[in-house]
Amino acid sequence: MSIDINTARKVAKLARIRVEEGDLPPLAEKLSGILGLMEQLNEVDVTGIDPMTSVTPQRLMRRADLVTDGDQQAAVLANAPDAREGFFAVPKVVE
Amino acid sequence: MSATWTISAARDALRKGEVSASDLTMACLTAIDAGDTLNAFVHKTPELALAQARAADARLKAGDAPSLCGIPLGIKDLFCIKDVPTQAGSNILRGFKPQYDSTVTTKLFGDGAVCLGKLNMDEFAMGSSNESSCYGPAVNPWKVDARQLTPGGSSGGSAAAVSADLCLGATGTDTGGSIRQPAAFCGITGIKPTYGRVSRYGIIAYASSLDQAGPMTKSVRDAAIMLGAMAGHDPKDSTSANIPVPDFEAALTGDIRGKKIGIPREYRMDGMSPEIAALWDKGADMLRAAGAEIVDISLPHTKYALPTYYIIAPAEASSNLARYDGVRYGHRAALSAGDGITEMYEKTRAEGFGPETQRRIMVGTYVLSAGFYDAYYNRARRVRALIKRDFELAFAAGIDCILAPATPTPAFGLGEQGTSDPVEMYLNDVFTITLNLAGLPGIAVPMGLDSKGLPLGLQLIGRAWGEADLLNHAYVLENSAGFVAKAQKWW
């Protein structure tokens, strides 16, 4: 299976990355090449094998449900491209 | 000339008062400025370094200083250091100054290590040549003709800096070989620990189930010292293992008598360089001569590691890198009149991410999208379980350590690979990537020079949590190979 231009356009949209129309054909070609590599997995017999969910066999740690941090508004906003009045500022979302 | 020292030699000299941390740091800062051609250090921190060195000198004078007290290190650009630019080699994080420190750097600096600056790398650790960096590629100090060679990637700046004696050691991270491949290309030592041994907190994420930080050093002993300082349980990383950290340096006995070394036959691939094949045989002979038993083993799913990785890693990356949206940190694109939030996301990410990062995000988006999730992502996770089982069966049969090549070739020229076909570059990881999928530790050890005079390394693979034993095997290889060559200074 290969990725056509329409699929490349859709994937770019889903990934929220702007790709100009003229750049779609080479992108589709490179993505198809990578997909070609993945197709090798179709020859593996995975019957009865569960998908791996944990790299090392351990239970996720639990901790007490307590506040351990906070009051860091200035630090949280320090790197924002646009912060106003203690908030992140973005273009208008709701008309 | 103290910048040329190993960590262990500098430690001993510092403790005896033969050199001060400040002098050692100045020697490194001078070497770094003289090494700008290598493009290894991308953010220098001389003020921080000298302040830390003065504090280290006071601590050394008071006695009882940890091994790394006063040792100048380079830090990969992936590790957050408070108020020090941290960009993961990406334009999307231009200007980002973390408000907190990674656990690894907190531990290193807590022991008195000195931060010389941030080291070049492939963007978000995605690459094997350091060419997908927003700073331009780091350059390998090894040079045998007119060409400039890659130091490997993604920890290319770390490998180049250690190899060129700009620092005594460096941090790296390894998601598919990003410590071991550049270490082999630059003639240094690099260990990727067991997944969970070193905290990932404050390390910018690429593929969270594969990422693991480790040291890149001039000797196996240095790797043992530095790993001991980096490792340990961290409640801030939910996958960090709550198990004791052994004394890795004390494990370097040089005694591997009776150990069983596996030679995986599937790693002897078609088209393997005859020099690498010969080096591999030589490495096995050295371990045999040291009293180990060499055993032919099979890891049947090896050939599927590359496609498995290139599904799982991009899938995780597409999720991890969703956070770069132009809202909380880093770059935001200039918007046109009428642009809404979607245009802001799309333009910001198109401008901020380089081509390889964009491709991996899109591949990850594709394999996770409705209709393909089972066919690609879940299938890859099943094959990953089989790859891990291959190793478990080998170790259950009594194998202590596995010997394999580290890379299919020595360092290649900048611009020579992957320009038209990204998959060509991916093949660099063929010997290293299996470990990340299985979560196992692996170490690259420099073994010698090829016929052209470029360094070649071998890789040892250990049992989960078996870094101490792994380092001891590497120590034997290091002693047997006696690799002491250095790049001739041209920069």
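Residues numbered from 1 in each chain as written. Chains lettered and ligands numbered in written order. Predicted model: local features only at pLDDT ≥ 70, side-chain atom pairs only at ≥ 80, totals over all residues.

### Overview of the overall build of chain A
Going by this rule: Only runs of H or I of at least four residues qualify as helices and only runs of E of at least two qualify as strands under DSSP, and these elements are numbered from the N terminus. Taken over C-alpha atoms, the radius of gyration is set against a globule rule of 2.2 Å times the number of residues to the power 0.38.
A tally of helices and strands in chain A yields 3 helices and 2 strands. In chain A, the succession of α and β elements from N to C terminus is α-α-α-β-β. A compact globule built from 95 residues should have a C-alpha radius of gyration of about 12 Å, whereas chain A, at 23 Å, is more than 25% larger. For chain A, the spread of C-alpha atoms along the principal axes amounts to about 55 × 45 × 25 Å.

### Details of the packing of helix α8 (residues 274–289) of chain B against helix α15 (residues 467–481) of chain B
Axes are the key here: two packed helices are described by the angle between their axes and the distance separating the axes. Residues and elements named next belong to chain B. We count it as follows: Angular values range over 0 to 180 degrees, each being the angle between N-to-C directions of two axes fitted as lines to C-alpha atoms, with helices fitted over their stretch in contact. Note on angle classes: values under 35 degrees are labelled roughly parallel, values over 145 roughly antiparallel, values of 65 to 115 roughly perpendicular, and the remainder oblique. C-beta atoms are placed from the backbone for every residue, and two residues are taken to be in contact when these atoms lie within 7 Å. Residues are grouped as follows: Ala, Val, Leu, Ile, Met, Phe, Trp, Tyr, Cys and Pro are nonpolar; Asp, Glu, Lys and Arg are charged; all remaining types, including Gly, are polar.
At their nearest, the axes of α8 and α15 sit 10 Å apart, and the two run at 105° to each other. It follows that α8 is roughly perpendicular to α15 by the angle criterion. Residues Gly283, Met286 and Leu287 of α8 pack against Val476, Leu477, Ser480 and Ala481 of α15. The residue makeup of the contact of α8 with α15, split by class, is 5 nonpolar, 2 polar and no charged.

### Comments concerning the interface of chain A and chain B
Where interface size is quoted, it is often the accessible area lost as the parts come together. The interface of chain A with chain B comprises 38 residues on the first partner and 56 residues on the second. Looking at the side of chain A that touches chain B, the elements that each hand over two or more residues are α1 (5–14) and α2 (24–38) of chain A. Element by element, the count of residues in the side of chain A that touches chain B is highest for α2(A), at 6 residues. When the residues that make up the side of chain A that touches chain B are grouped by side-chain class, the tally is 26 nonpolar, 5 polar and 7 charged.

### What to know about the nonpolar core
How we decide: To count as a nonpolar core, a set of buried Ala, Val, Leu, Ile, Met, Phe, Trp, Tyr and Cys residues must be joined through C-beta atoms within 7 Å. With C-beta atoms placed from the backbone, a residue counts as buried when 20 or more other C-beta atoms lie within 10 Å of its own, as exposed when 12 or fewer do, and as partly exposed for counts between those limits.
With 174 residues, the main nonpolar core has Leu73(B), Val114(B), Leu116(B), Ala161(B), Leu166(B) and Leu471(B) as its most contacted residues. A per-element tally of this core places helix α9 (residues 305–320) of chain B first, with 9 residues.

### Overview of the sheet that holds strand β9 (residues 401–405) of chain B
Residues and elements named next belong to chain B. Note the following rule: Strand pairing follows a simple DSSP-based rule, namely that at least 2 bridges must link the two strands.
Here we have 11 strands laid out as an open sheet, ordered β1-β3-β2-β4-β6-β5-β10-β11-β9-β7-β8, and mixed in their pairing. What marks the edges here is a single partner per strand, and that holds for β1 (41–44) and β8 (293–297). Strand-to-strand, the axes of this sheet are offset by a mean angle of 30°, without reference to chain direction. Packing of helix α7 (residues 220–230) onto the sheet brings it into contact with β4 (169–174), β5 (189–192), β6 (212–217) and β10 (442–449), and relative to β6 it is tilted by some 145°. Lying on the sheet, α8 is in contact with β7 (260–264), β8, β9, β10 and β11 (455–462); it crosses β11 at an angle near 55°.

### Concerning helix α1 (residues 7–16) of chain B
Residue and element names in this part refer to chain B. Note the following rule: Summarising the geometry, the arc corresponds to the directions from the helix axis toward the C-beta atoms.
Along α1, the positions that sit buried rather than exposed are Ile7, Ala10, Arg11 and Leu14. The buried residues of α1 occupy an angular sector of 105° when projected down its axis, which confines them to one face. With its phi angle positive at about 75°, Gly17 sits one or two positions after the end of α1.

### Structural notes on the pairing of β10(B)
Residue and element names in this part refer to chain B. Of all 8 residues that make up β10, 6 are buried, and the element is covered over most of its length. Judged from the 3 bridges that link them, β5 and β10 form a sheet pairing that is antiparallel. In the strand pairing of β10, Ile191 is matched with Ile443. Sheet analysis places β10 next to β11, joined by 7 bridges and oriented antiparallel. Within β11, the position partnered with Leu449 by the bridge is Pro455. Hairpin remark: β10 followed by β11, antiparallel, with 5 residues in the connecting loop; positive phi at Gly453, about 100°.

### Some remarks on the confidence of the model for chain B
What counts, and what does not: One confidence number per residue, pLDDT, is output by the predictor and ranges from 0 to 100.
Confidence along chain B averages 96 in pLDDT terms, with 100% of residues attaining 70 or more. Interface predicted TM-score (ipTM) for the complex: 0.95; the corresponding pTM is 0.97.

### Some words on α1(A)
Residue and element names in this part refer to chain A. Within α1, burial applies to Ala8, Val11 and Ala12. Down the axis of α1, the buried side of the element spans an arc of 100°, and every buried residue falls inside it. Once α1 ends, the next one or two residues include Arg16, with phi positive near 55°.

### Some thoughts on the environment of Pro51(A)
One can find Pro51(A) in the loop between α2 and α3 (73–77). A sequence separation of 45 residues divides Pro51(A) from Asn6(A), and the C-alpha atoms of the two residues are 30 Å apart. Leaving out residues up to four positions away in the same chain, Pro51(A) has contacts with Asn378(B), Arg381(B), Arg382(B) and Ala385(B).

### What about unusual backbone geometry?
Looking along the chain, the bond that leaves Gly153(B) and enters Ser154(B) is cis, with omega of 10°. Inspection of the secondary structure assignment puts Ser154(B) in the loop between β3 (114–119) and α5 (156–163). With a phi close to 55°, Asp71(A) is a non-glycine residue in the positive phi region. Tracing the backbone shows Asp71(A) in the loop between α2 and α3. One non-glycine residue, Ala88(B), lies in the positive phi region at around 55°. Exposure remark for Ala88(B): the 30 C-beta atoms within 10 Å place this residue in the buried category.

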